[in-house]
Amino acid sequence: MTSGVFPASPAFVYSRRRLEENVQQYQKALHVLPVPSSLYYSMKANHNLQILNILRSMGCGLTLVSGGELQIALALGFEASRLLLNGSGKVRWEVEAAVRADVLLNVDSEFDLQQTVDVCRQLGRPARALLRLNLDIDPKVHKYVSTGQAGSKFGLDPAALARVVGVLTSGDCPVHVEGLHCHLGSTIRDADVLRESVRRLLTIRQELTSQGLHGLRMINIGGGLNIDYTRQQDETKPYRVEEEECRHDLTRLAEDLGRAAADEPEERRQLCLSALDMVQDYCKERISRATLDCQVMDVLNQLWPNGALQDTFAALLMKKQGVPTPKELIESIAGLFESPRDDDVTIIVEPGRTIVGDAAVFLTTVLGRKSSGSKNFLVVDGAMTDVVRPSLYGAYHHIHPAAPPSSKHAQPLTSTADPPSGLGDASHEAGRDTSRSSGQGEGRGQSDLQVVDVVGPVCESGDFLGKDRLLPLLSPGACVVVRDVGAYCASMASNYNVRMRPVEVMVDGTSWRVIRRPDTVADVMRPYQVDTDVITSD
Ligand SMILES: *Cc1c(COP(=O)(O)O)cnc(C)c1O
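Quantities reported herein were computed from a predicted structural model and do not represent experimental measurements. (Residues numbered from 1 in each chain as written. Predicted model: local features only at pLDDT ≥ 70, side-chain atom pairs only at ≥ 80, totals over all residues. Heavy atoms only, no water.)

*Asks:* So what exactly am I meant to see when it comes to the overall build of the protein here?
*Replies:* For the protein, the count of helices and strands is 16 helices and 17 strands. Within the protein, buried positions represent 53% of all 538 residues. Taking the intrachain contacts of the protein between residues at least 6 apart in sequence as the baseline, contacts between residues at least 24 apart amount to 70%. Total accessible area computed for the protein in this model is approximately 24,500 Å², and 52% of it derives from carbon and sulfur atoms. (Helix = DSSP H or I, 4+ residues; strand = E, 2+ residues; numbered from the N terminus. Buried < 20%, exposed > 50% of the residue type's maximum accessible area, 1.4 Å probe, protein only. Contact = heavy atoms within 4.5 Å. Areas by Shrake-Rupley, 256 points an atom, 1.4 Å probe, with all protein chains shown as cover.)

*Asks:* What am I meant to see in the packing of aromatic side chains here?
*Replies:* For any two aromatic rings, the description comes down to two numbers: the centre-to-centre distance and the angle of the planes. Summed over all chains, the structure comprises one aromatic pair. Each ring, one from Phe12 and one from Phe362, has its centre 5.0 Å from the other, and the planes form 45°; the classification is tilted. Of this pair, Phe12 sits in strand β1 (residues 11-15) while Phe362 sits in strand β10 (residues 360-372); the two residues are 350 residues apart in sequence, bridging distant segments of the chain. (Phe/Tyr/Trp six-rings, centres within 6.5 Å; stacked < 30°, edge-to-face > 60°.)

*Asks:* I would appreciate a short explanation of the environment of Ala262 in the present structure.
*Replies:* On the secondary structure map, Ala262 appears in helix α8 (residues 239-262). Once the C-alpha coordinates of Ala262 and Leu273 are considered, the two residues, 11 residues apart in sequence, prove to be 9.7 Å apart.

*Asks:* Would you take a moment to explain the side chain of His181 for this structure?
*Replies:* The topology assignment puts His181 in strand β7 (residues 175-181). For His181, a relative accessible area of 0% gives the class buried. Among the polar contacts listed, one links the side chain of His181 to the side chain of Asn106, at a separation of 2.6 Å. Here the side chain of His181 touches Glu350 through a polar contact of 2.5 Å, side chain to side chain. (Polar contact = N/O pair within 3.5 Å; in protein donor to acceptor, adjacent residues only side chain to side chain.)

*Asks:* What exactly am I supposed to notice about empty space enclosed by the protein here?
*Replies:* Across all of its chains, the model carries two cavities of 30 Å³ or more by this definition. Taken as a whole, the largest cavity encloses approximately 80 Å³ of empty space. Around the largest cavity sit Tyr26, Leu194, Val198, Ile221, Gly222, Gly223, Gly224, Leu225, Leu329, Ile333 and Val349, which together line it. Only α7 (191-210) and α12 (326-334) provide two or more residues apiece to the lining of the largest cavity. Here the lining of the largest cavity is built from residues that sort into eight nonpolar, three polar and no charged. (1 Å grid on protein atoms, 1.4 Å probe; cavity = no way out; pocket = protein on both sides within 12 Å on 5 of 7 lines; lining within 4 Å. Points joined across faces, edges and corners; volume = space filled by probe spheres on them. Nonpolar A, V, L, I, M, F, W, Y, C, P; charged D, E, K, R; others polar.)

*Asks:* What is the right way to read the site of the ligand from this model?
*Replies:* Contacts to the ligand come from 14 residues, most closely from Lys44, Ser186, Gly224, Glu350 and Tyr488. One of the side-chain N or O atoms of Glu350 is found 2.7 Å from a nitrogen atom in the ligand. Within the complex, 96% of the 390 Å² of free accessible area of the ligand lies under protein. Residue classes in the shell around the ligand are distributed as two nonpolar, eight polar and four charged. (Near = heavy atom within 4 Å.)

*Asks:* Help me understand the pairing of strand β2 (residues 37-42) in this model?
*Replies:* Successive side chains on a regular strand alternate, one facing one side of the sheet and the next facing the other. Burial of β2 is extensive: five of the six residues sit out of reach of the surface. Relative to strand β9 (residues 346-349), β2 runs parallel, the two sharing three bridges. Bridge pairing in β9 places Ser38 opposite Ile348. Relative to strand β3 (residues 61-64), β2 runs parallel, the two being bridged by three bridges. Residue pairing in the sheet places Ser42 in a bridge with Thr63 of β3. Each parallel crossover has a hand, and for β2 linked through helix α2 (residues 49-57) to β3 it is right-handed. (Pairing = 2+ DSSP bridges. Right-handed = clockwise from strand over helix to strand, strands pointing away.)

*Asks:* Teacher, can you tell me more about a nonpolar patch on the surface here?
*Replies:* A cluster of nonpolar side chains, Val507, Trp512 and Val514, forms an exposed patch at the surface whose accessible area comes to about 280 Å². Along the polypeptide, Trp512 turns up in strand β17 (residues 511-516). Classification of Trp512 as exposed rests on a relative accessible area of 58%. (Patch = residues over 30% accessible without salt bridge, like charges linked within 9 Å, V, L, I, M, F, W, Y side chains within 5 Å. Salt bridge = Lys/Arg side-chain N within 4 Å of Asp/Glu carboxyl O.)

*Asks:* Which parts of the structure should I look at to understand the side chain of Asp453?
*Replies:* Structurally, Asp453 can be placed in strand β13 (residues 449-455). Looking at Asp453, its side chain comes within polar contact range of the side chain of Lys375, at 3.1 Å.

Right, here's the structure in full:
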């Protein structure tokens, strides 16, 4: 695939409409709070300048994590009063730039405060700051993206906070604290966790005020809400993978059901046993997981409308699907504020992933198929250098063919909206055959679906975009779609293996335009052409 100017594959393709809808969803939700609020987009999720321009025109501020991001934000015309520089290891020039521009800084540690005080004295200017607190709340996410727990490198723990407050209230401190901040981590699925952190921030605000630290107007509740990366997972999940994940949960459920049935009167006992049968049917691949979920829930509802067993099962379902929407998140914290008592509070939310995450897909071209031992590989031209989240965090990104495959190639991918038959069962068949026979053509092994790892050309075994996916047998040249790559993909892309970071395209209604050209070899070579002494010591 070439456009004649540069390679068009692989490519990131963004939807302007989805981006705007995501922002509007936050803006509408924030409206229901009884206190004023601001939406700061977390720039590290995706720093494409064209995307930033759209967000600026929609009234977003920015949360920044480096002096480089700060320079870009100012160059694009973001107002300094709507920027926040965050970071557990700010370099002096970064603090200087923030103080000069009168940009809000997060105080992350005692040395961070000391450096900021020094910079203020040197420049003869005050600084505006928030205190980033470590509230020791477990956000229940991957350890690489957890930031708000004791033992994390981010924020002030209670002891450090006490000492920092001592410095701030000792008079004559050029750092003026305007509020509190807590960012618990990323990929959070539990609104209660975020609600708890807001509650604690408000309590600490009162305590600090009574200790003489006044003017804590801003409460920055962080970002970190996840998006539902797995919402289409059932379409391409081979039975054996699902089985491994579910076996443990289902065994427990079956045991609980068996025990509960023993204590019930006859009629209810029969209902219990019917649920048990369904679990067994599922294990024998007679019904799909979606059918199981829906029918078992129905039985549990009849038996124990508010029972513990039902809660257990609901939690299993939650684990599978539930991610609160931004609206649900904001609504869940609204009750914590009482106007007019809190009318001197302004809330800041600083989401990244939920603004851009589902606004892009990654298009990549099939180079070929191969197998090794019992493994099948679909080799594509996109790689971990473009979409690193699977390699780095073991993250799931849904992958599917770009166009419905023609009937001679495979069965159409039906939506999960009609779960009982269709792909669910057919795919389970094929997945089983493949895992048994490595696609050596026994019985339905001739099937048009195959369990594959989708891998790129990079020389690393960790280079994969997806593992154990049930996909049609795609031929070289076919286009494959990787979903939900708007956040932490393009911004984490690299030139490793001297690969060119890909083109980025924005679709806007019926038109589209390039919003970042791909790298060229000249781009990669340029920094090595050093003819002057470019290193300074300050
Ligand atoms: C990364 C980051 C965010 C955004 O996190 P998401 O998971 O993308 O919403 C918000 N605040 C701070 C301080 C961050 O470092």
